[in-house]
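# A look at the structure
Chain by chain, the residues:
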Amino acid sequence: GEDVEQSLFLSVREGDSSVINCTYTDSSSTYLYWYKQEPGAGLQLLTYIFSNMDMKQDQRLTVLLNKKDKHLSLRIADTQTGDSAIYFCAETRNSGGYQKVTFGTGTKLQVIP
Amino acid sequence: DSGVTQTPKHLITATGQRVTLRCSPRSGDLSVYWYQQSLDQGLQFLIHYYNGEERAKGNILERFSAQQFPDLHSELNLSSLELGDSALYFCASSESSHNTDTQYFGPGTRLTVL
């Protein structure tokens, strides 16, 4: 299967932590990515994790990967109003010698001041 | 700024028409990918070119085609446009064609078909 699923909406208060979840179905995924899309803008790569890692931290961002459950999460510490956006997870896998990317449905994060 | 440029930013046209979207990859990147983002279908991979050659096709309609030129810029041609083709079209580029490469996205072209 090729589905990548995310919850549609998350609302948090400024200063709290946000956790955005993603589930995927293809165990052969090699890299998993998190992208941010602000209103009217393109996709911005936030971070990525290789499939043999469990965790990756990059400043306020922490990515956790549970390969057994095919579950990926993005934690944003000290969430700010500027973090309000849609967040997409994406998986890549090698398909016939090329990289195929499948995106999740996107989670809209609303940060309440 | 990802270094990937797309033109035009906005495009409004009528059903049945044909349009061309342009993408310039980051300097040094050999791969260009095209994606469509719509309310109905979400983000979908359309096609991938590497150094001028088609490498992969995703959910691209037969009415759509693309090419990558010797200077590595790419064009996505959409013909016999339908209302449902209204969407944001992104291109992305990466260094090579490996699945370890990170793709960098352009700002997108918003196509409205009336």
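Structure: see above.
Residues numbered from 1 in each chain as written. Chains lettered and ligands numbered in written order. Predicted model: local features only at pLDDT ≥ 70, side-chain atom pairs only at ≥ 80, totals over all residues. Heavy atoms only, no water.

The helix and strand inventory of chain B stands at 0 helices and 11 strands. Reading chain B from its N terminus to its C terminus gives the helix and strand order β-β-β-β-β-β-β-β-β-β-β. Relative to the globule expectation of 13 Å for 114 residues, the C-alpha radius of gyration of chain B, 13 Å, shows essentially globular dimensions. When its C-alpha atoms are laid out on the principal axes, chain B stretches across 40 × 25 × 25 Å. Burial statistics for chain B: of 114 residues in total, 52% are counted as buried. When the accessible surface of chain B is totalled, it reaches about 5400 Å², and 46% of it is carbon and sulfur. For chain B, the distance from the average position of its 8 positive side-chain charges to the average position of its 12 negative side-chain charges is 4 Å. (Helix = DSSP H or I, 4+ residues; strand = E, 2+ residues; numbered from the N terminus. Rg over C-alpha atoms; globule rule 2.2 N^0.38 Å. Buried < 20%, exposed > 50% of the residue type's maximum accessible area, 1.4 Å probe, protein only. Areas by Shrake-Rupley, 256 points an atom, 1.4 Å probe, with all protein chains shown as cover. Lys, Arg positive; Asp, Glu negative; His and termini not counted. Charge placed at Lys NZ, Arg CZ, Asp CG, Glu CD.)

What follows deals with the environment of Gly42(A). Note that Gly42(A) resides in the loop between strand E4 (31-37) and strand E5 (43-50). When sequence neighbours within four positions are dropped, the list of residues in contact with Gly42(A) reads Lys36(A), Gln37(A), Phe90(B), Gly106(B) and Pro107(B). (Contact = heavy atoms within 4.5 Å.)

Before going further, it helps to spend a moment on the interface of chain A and chain B. Contacts between the two partners involve 18 residues from chain A, matched on the other side by 21 residues from chain B. Across the contact surface, chain A and chain B share 0 salt bridges. Remark: the boundary between chain A and chain B carries 2 residue pairs in polar contact (both at pLDDT 80 or more). Listed by contribution, the elements that provide at least two residues to the side of chain A that touches chain B are E4, E5, strand E9 (85-95) and strand E10 (98-103) of chain A. The residue makeup of the side of chain A that touches chain B, split by class, is 11 nonpolar, 7 polar and no charged. (Salt bridge = Lys/Arg side-chain N within 4 Å of Asp/Glu carboxyl O. Polar contact = N/O pair within 3.5 Å; in protein donor to acceptor, adjacent residues only side chain to side chain. Nonpolar A, V, L, I, M, F, W, Y, C, P; charged D, E, K, R; others polar.)

Okay, the packing of aromatic side chains next. All names here are of chain A. Applying the stated criterion to the full structure yields 13 aromatic pairs over all chains. A ring pair is formed by tyrosine 33 and tyrosine 48, whose centres lie 5.7 Å apart and whose planes are at 40°; its orientation type is tilted. With tyrosine 33 in strand E4 and tyrosine 48 in strand E5, this pair connects stretches of sequence that are 15 residues apart. Overall, tyrosine 48 belongs to the partly exposed group, its relative accessible area being 29%. If you follow lysine 56 out to its NZ or CZ, it ends over the ring of tyrosine 48, 4.1 Å from the centre. (Phe/Tyr/Trp six-rings, centres within 6.5 Å; stacked < 30°, edge-to-face > 60°. Lys NZ or Arg CZ within 6 Å of the ring centre and 35° of its normal.)

Turning next to the state of the cysteines. Residues and elements named next belong to chain B. With the rule as written, the count across this model stands at 2 disulfides over all chains. With its sulfur 1.8 Å from that of its partner, cysteine 23 forms a disulfide with cysteine 91. Here cysteine 23 and cysteine 91 share a disulfide; its torsion about the S-S bond, 70°, makes the bridge right-handed. In this pair, cysteine 23 sits in strand E3 (residues 19-24) while cysteine 91 sits in strand E9 (residues 87-94), placing the two residues 68 residues apart along the sequence. In this structure, cysteine 23 and cysteine 91 share a single accessibility class: buried. (Disulfide = S-S within 2.5 Å.)

A few words on the pairing of strand E6 (residues 55-58) of chain A. Residue and element names in this part refer to chain A. When E6 meets strand E7 (residues 61-66), the two strands line up antiparallel, connected through 4 bridges. Residue pairing across strands places methionine 55 opposite leucine 64, the latter belonging to E7. As consecutive antiparallel partners, E6 and E7 are separated by 2 residues, and within that stretch glutamine 59 has a phi angle of approximately 55°, a positive value. (Pairing = 2+ DSSP bridges.)

Now for the sheet that holds strand E3 (residues 18-24) of chain A. Residues and elements named next belong to chain A. Overall, antiparallel pairing links the 5 strands, which are arranged E1-E3-E8-E7-E6 in an open sheet. Looking at the sheet topology across the chains shown, the edges are occupied by strand E1 (4-6) and E6. When the angles between neighbouring strand axes are averaged without regard to direction, this sheet yields 15°. (Axes fitted to C-alpha atoms, helices over the stretch in contact; angles between N-to-C directions.)

What follows covers the pattern of salt bridges. Side-chain pairing between opposite charges can occur once the charged atoms of the two side chains come close. One pass over the structure, following the stated rule, counts 5 salt bridges over all chains. Arg60(A) is paired through a salt bridge with Asp83(A); the nearest N and O atoms lie 2.9 Å apart. Pair noted here: Arg60(A) is in the loop between E6 and E7 and Asp83(A) is in the loop between strand E8 (71-76) and E9, with a separation of 23 residues, a long-range link. Of the residues examined, Arg60(A) reaches a relative accessible area of 32% and is grouped as partly exposed. On the accessibility criterion, Asp83(A) (7% relative accessible area) is buried. The salt bridge involving Asp69(A) is made with Lys68(A); its shortest N-O contact spans 3.7 Å. Exposure remark for Lys68(A): the relative accessible area of 73% places this residue in the exposed category. Among the charged side chains, a network of salt bridges with common partners joins Arg63(B), Glu82(B) and Asp85(B).

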